Amino acid sequence: MSLKDKLIREKLPRHVAIIMDGNGRWAMRKGAARIFGHQNGVTPVDEVVKASAELGIDYLTLYAFSTENWGRPVEEIDALMGLLVSTIKKETKKLLDNNIRLLTIGDLTKLPENTRMELVQLIEATAANTGLTVVLALSYSSRYEIILAAREIIKDTLEGKLSPDEMNCDTFERYLQTAGIPDPELLIRTSGEFRISNFLLYQLAYTELYFTSKLWPDFNTEDYYEALLDYQNRERRFGKTSEQL
Ligand code: FPP
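Just so it is clear, the structure is predicted and the values come from calculations on it, not from any experiment.

(A) Region of the structure containing the overall build of the chain. A count of helical and extended segments in the chain gives nine helices and six strands. Scaling as 2.2 N^0.38, a compact globule of 245 residues should have a C-alpha radius of gyration of about 18 Å, and the chain matches this with 19 Å. Overall, the chain is about 55 × 50 × 35 Å in size when its C-alpha atoms are taken along their principal axes. Here the chain holds 245 residues, and the buried ones make up 45% of them.

Okay, structure coming up:
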């Protein structure tokens, strides 16, 4: 029985988030420049998007660039942004043909103008699609997202649009960049690091975490199925006991 056949459709997560880590190390091990690793990180992106759409997963969030990544050498940043634009151009038809919608979280204003324009165009072109939603986290910082939410909440409160008594999880979540997107049930991180790295700190409260030592360019569809199978075998208790479930 293949790994895919072992998956139980009703027990799949609705939302999978992935920290795609290890591109740089993958390239260094091959004696190549770091960008070679990023270039080879596009195929696994393709594979997880395709597999998610086929399986009927609703949301796939990919951590492509953190605010901390702006501190990398300028050549690497330029190459990454270039890669993003060329990938978007290459993938546009595939996203449209497969009813996939693209969204982003993060501060797009920090991106180079052409990268931002390409992204905005693709977001608009796919806005009416009803299949898988791919959320690209770009120039994203979860702490900053929470701080921005706090700022807006204070403003709305001072302007009398919001009363402190109204504040609860539902209200707070409306101020996050992920408003309207359900929390991920599964987070995958590649490359053997056991960290969250400022990613979806609020949204991951009850998420199942899956770590693999594979470097991102080596991650493939079978690895993805394996992570989903592992998830299906977990008991999610949300603070309750096994007997209460
Ligand atoms: C982390 O590896 C990866 C990134 C910072 C970039 C991820 C980008 C891609 C997979 C390219 C294409 C993406 C899309 C969405 C088209 P790292 O460089 O931190 O690796 P290291 O920890 O080994 O240095």
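There is more to say, and it comes next.
(B) Fine view of the side chain of Ser191. Relative to the helices and strands, Ser191 resides in the loop between strand E5 (186–189) and strand E6 (208–211). Within the local environment of Ser191, its side chain forms a polar contact with the side chain of Arg25, the two groups lying 2.9 Å apart. When residues no more than four places from it in sequence are discounted, the contact partners of Ser191 are Asp21, Gly22, Arg25, Thr212, Ser213, Lys214 and Leu215.

(C) Spotlight on the pattern of salt bridges. All chains considered together, the criterion is met by 21 salt bridges. Note that Lys161 is salt-bridged to Glu159, the shortest N-O span being 3.0 Å. This pair shows no difference in class: Lys161 is exposed, exactly as Glu159 is. Among the charged side chains, a salt-bridge network with shared partners connects Asp21, Arg25, Arg189, Glu193 and Arg195.

Thresholds, definitions, all that
- Residues numbered from 1 in each chain as written.
- Predicted model: local features only at pLDDT ≥ 70, side-chain atom pairs only at ≥ 80, totals over all residues.
- Heavy atoms only, no water.
- Helix = DSSP H or I, 4+ residues; strand = E, 2+ residues; numbered from the N terminus.
- Rg over C-alpha atoms; globule rule 2.2 N^0.38 Å.
- Buried < 20%, exposed > 50% of the residue type's maximum accessible area, 1.4 Å probe, protein only.
- Polar contact = N/O pair within 3.5 Å; in protein donor to acceptor, adjacent residues only side chain to side chain.
- Contact = heavy atoms within 4.5 Å.
- Salt bridge = Lys/Arg side-chain N within 4 Å of Asp/Glu carboxyl O.

Shape is all these values report; function is a separate question.
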